[in-house]
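Here is how the chains run, residue by residue.
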Amino acid sequence: MQLRVLLLLIALGGEALANPVVGKIELPPPPPRPPIAVKGFLDRVDNPYKRVRDVDVGSYMVVVLDGEAKEGVVPKQLSWDLVGESFARPVAIVSVGAEVVIKNVSKTARTLVALEDPKLIPSGPINPTGPKSFRPTEPKLYTITDKDAPHLKGKLVVVASPFVGNVDVVNNVGKFEIDAPEGSYKVRVFYRDNWLDHAEATVNVPAKGKAEVTVKIPAGYPLKK
């Protein structure tokens, strides 16, 4: 009985030292709709029943907490869904050494490859009934695609830090939450193809309790596409 309790305390030790970092990303106003390039027989009018949705910038955005290395922290597995003609999230982030599991939840088999390293993903198709997994070994940005379907592309951001997270955008405000041990970290934001160098912040995580941080993306910063 005592041995079981000891093993449980050891297993929970890493998590007990981690505290939530609750982050907010202030985004600039979405860009206006571009002017009509080719005019048809009728002028374009707004839908009177439902507003056209803005670009979902959140699915293209991920964050990382950079800081000093922490002992005993195990990088989390990344589960990345392939939904046929695209990835559920076009940009995903994972730590070096963590397992990436791509699940094909569509009805079409795909043969994926990383353009920057053809040996990264094991060869062979990913069938609708089975996943494919691999472990990146260095910090790098990978473009994951199917050469027979070049429109299918996903960006995999591999970082050295184990503290990574996705961003959800509601009412033009991004939100994320990452568990991290006590310490000082730099919050970095990645969008589509690059790190937003003008959108960084520092957060100090206490020994107990949560930490809050706000990252502001300057007006006019390119969040288009």
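Please read these numbers as outputs of a predicted model, since none were measured by experiment.

(A) Quick look at the overall build of the protein chain. Along its length, the protein chain carries one helix and 15 strands. Out of the 225 residues belonging to the protein chain, those deemed buried represent 36%. Pairs at least 24 residues apart make up 65% of the contacts formed inside the protein chain by residues separated by at least 6 positions.

(B) Inspection of the nonpolar core at higher detail. Counting residues in each nonpolar core, the largest one holds 25 residues, and the members touching the most others are I25, M61, L65 and F176. Secondary-structure elements contributing two or more residues to this core are strand 1 (18-26), strand 2 (61-66), strand 12 (173-181), strand 13 (183-191), strand 14 (194-205) and strand 15 (211-216). Ranked by residue count, the leading element in this core is strand 14, at five residues. A92, V94, I121 and V158 belong to the second largest nonpolar core, which has 21 residues in total.

(C) Geometry of the sheet that holds strand 4 (residues 91-95). Ordered in space as 4-9-8-6, the four strands form an open sheet in which the pairing is mixed. Pairing within the sheet leaves two strands with one partner each, and these edge strands are strand 4 and strand 6 (112-114). Mean inter-strand twist for the sheet, computed between neighbouring axes without regard to direction, equals 30 degrees. With five bridges joining them, strand 4 and strand 9 (residues 149-159) adopt parallel strand pairing. Bridge pairing in strand 9 places S95 opposite V159.

(D) View of the packing of aromatic side chains. What the rule picks out here adds up to four aromatic pairs. Relative to Y191, the ring of Y60 lies with its centre 6.4 Å away and its plane at 65 degrees, an arrangement referred to as edge-to-face. Of this pair, Y60 sits in the loop between strand 1 and strand 2 while Y191 sits in strand 13, and the two are 131 residues apart along the sequence. Exposure remark for Y191: the relative accessible area of 5% places this residue in the buried category.

What counts and how
Residues numbered from 1 in each chain as written. Predicted model: local features only at pLDDT ≥ 70, side-chain atom pairs only at ≥ 80, totals over all residues. Heavy atoms only, no water. Helix = DSSP H or I, 4+ residues; strand = E, 2+ residues; numbered from the N terminus. Buried < 20%, exposed > 50% of the residue type's maximum accessible area, 1.4 Å probe, protein only. Contact = heavy atoms within 4.5 Å. Core = buried A, V, L, I, M, F, W, Y, C linked by side-chain atoms within 4.5 Å. Pairing = 2+ DSSP bridges. Axes fitted to C-alpha atoms, helices over the stretch in contact; angles between N-to-C directions. Phe/Tyr/Trp six-rings, centres within 6.5 Å; stacked < 30°, edge-to-face > 60°.

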